[in-house]
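# Descriptive structure summary
The primary structure of each chain is shown beneath.
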Amino acid sequence: MDKEKRYAELLPQIAAVVEAERDMIANMANVSAMLQEEFHFWWTGFYRVVDDVLVLGPFQGPMACTRIARGKGVCGTSWMRDETIIVPDVHQFPGHIACSSASQSEIVVPIHDGAGHVIGVLDIDSEHLATFDEVDKKWLEKVVALLKGEKEEN
Ligand code: SME
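Parameters and conventions
Residues numbered from 1 in each chain as written. Predicted model: local features only at pLDDT ≥ 70, side-chain atom pairs only at ≥ 80, totals over all residues. Heavy atoms only, no water. Pairing = 2+ DSSP bridges. Helix = DSSP H or I, 4+ residues; strand = E, 2+ residues; numbered from the N terminus. Axes fitted to C-alpha atoms, helices over the stretch in contact; angles between N-to-C directions. Parallel < 35°, antiparallel > 145°, perpendicular 65-115°, else oblique. Left-handed = near helix turned anticlockwise from the far one by under 90°. Contact = heavy atoms within 4.5 Å. Nonpolar A, V, L, I, M, F, W, Y, C, P; charged D, E, K, R; others polar.

For the rest of this paragraph, the subject is the pairing of strand E2 (residues 53-60). In this sheet, E2 lies alongside strand E1 (residues 43-50) in antiparallel orientation, the contact comprising 6 bridges. Each bridged residue has a counterpart across the sheet, and for valine 50 the counterpart in E2 is valine 53. In sequence, E1 turns back onto E2 through a hairpin of 2 residues, with aspartate 51 there showing a positive phi of about 50°. Two strands pair when backbone bridges link them, and E2 and strand E3 (residues 67-69) are joined in this way by 3 bridges, in the antiparallel orientation. From the neighbouring strand, valine 53 faces E3, where its bridge partner is alanine 69.

A few words on the packing of helix H1 (residues 3-19) against helix H2 (residues 24-39). Between H1 and H2, whose axes approach to 11 Å, the crossing angle comes to 155°. Classified by the angle their axes make, H1 and H2 are roughly antiparallel. Crossing of H1 against H2: the hand is right-handed. Taking contact as the criterion, the partners of Lys3, Arg6, Tyr7, Leu10, Gln13, Ile14, Val17 and Val18 in H1 are, on H2, Asn27, Asn30, Val31, Met34, Leu35, Glu38 and Phe39. In terms of residue class, the contact of H1 with H2 is built from 9 nonpolar, 3 polar and 3 charged.

Listed below in structure tokens is the structure:
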């Protein structure tokens, strides 16, 4: 099955899980698990903006750096620029933070609250080069949009 179809089938399942729970951390935990179970990436997880720094949140995969400053690494850059960043080769990204030497490519998607502020990022790492493209961007932005808004209810 191509990944477009896999994302299309997974999205409503994620929506159902997220809609049934309003706690952000619980939802991030299940979203990371559901993405990981479907795609078996090297590392799938979240960083949350806490006191103006990204702090490690729920994830699937090996242990990772716990704090990332705004503008640092792919995650901090995605947060600062407020845009999804696709990195086909992490060794070519200036300032990339290597939590694991196995990681070769990466995508980072910012998550917004209802007011449009970045409240965290979804970070997915692959042990292969050039794993992520516009298809991943499109669907992962839909995934994080499901997390948007529910923070207001907390
Ligand atoms: N590579 C990321 C850091 C997070 S870990 O890969 C899980 C970055 O450069 O921001």
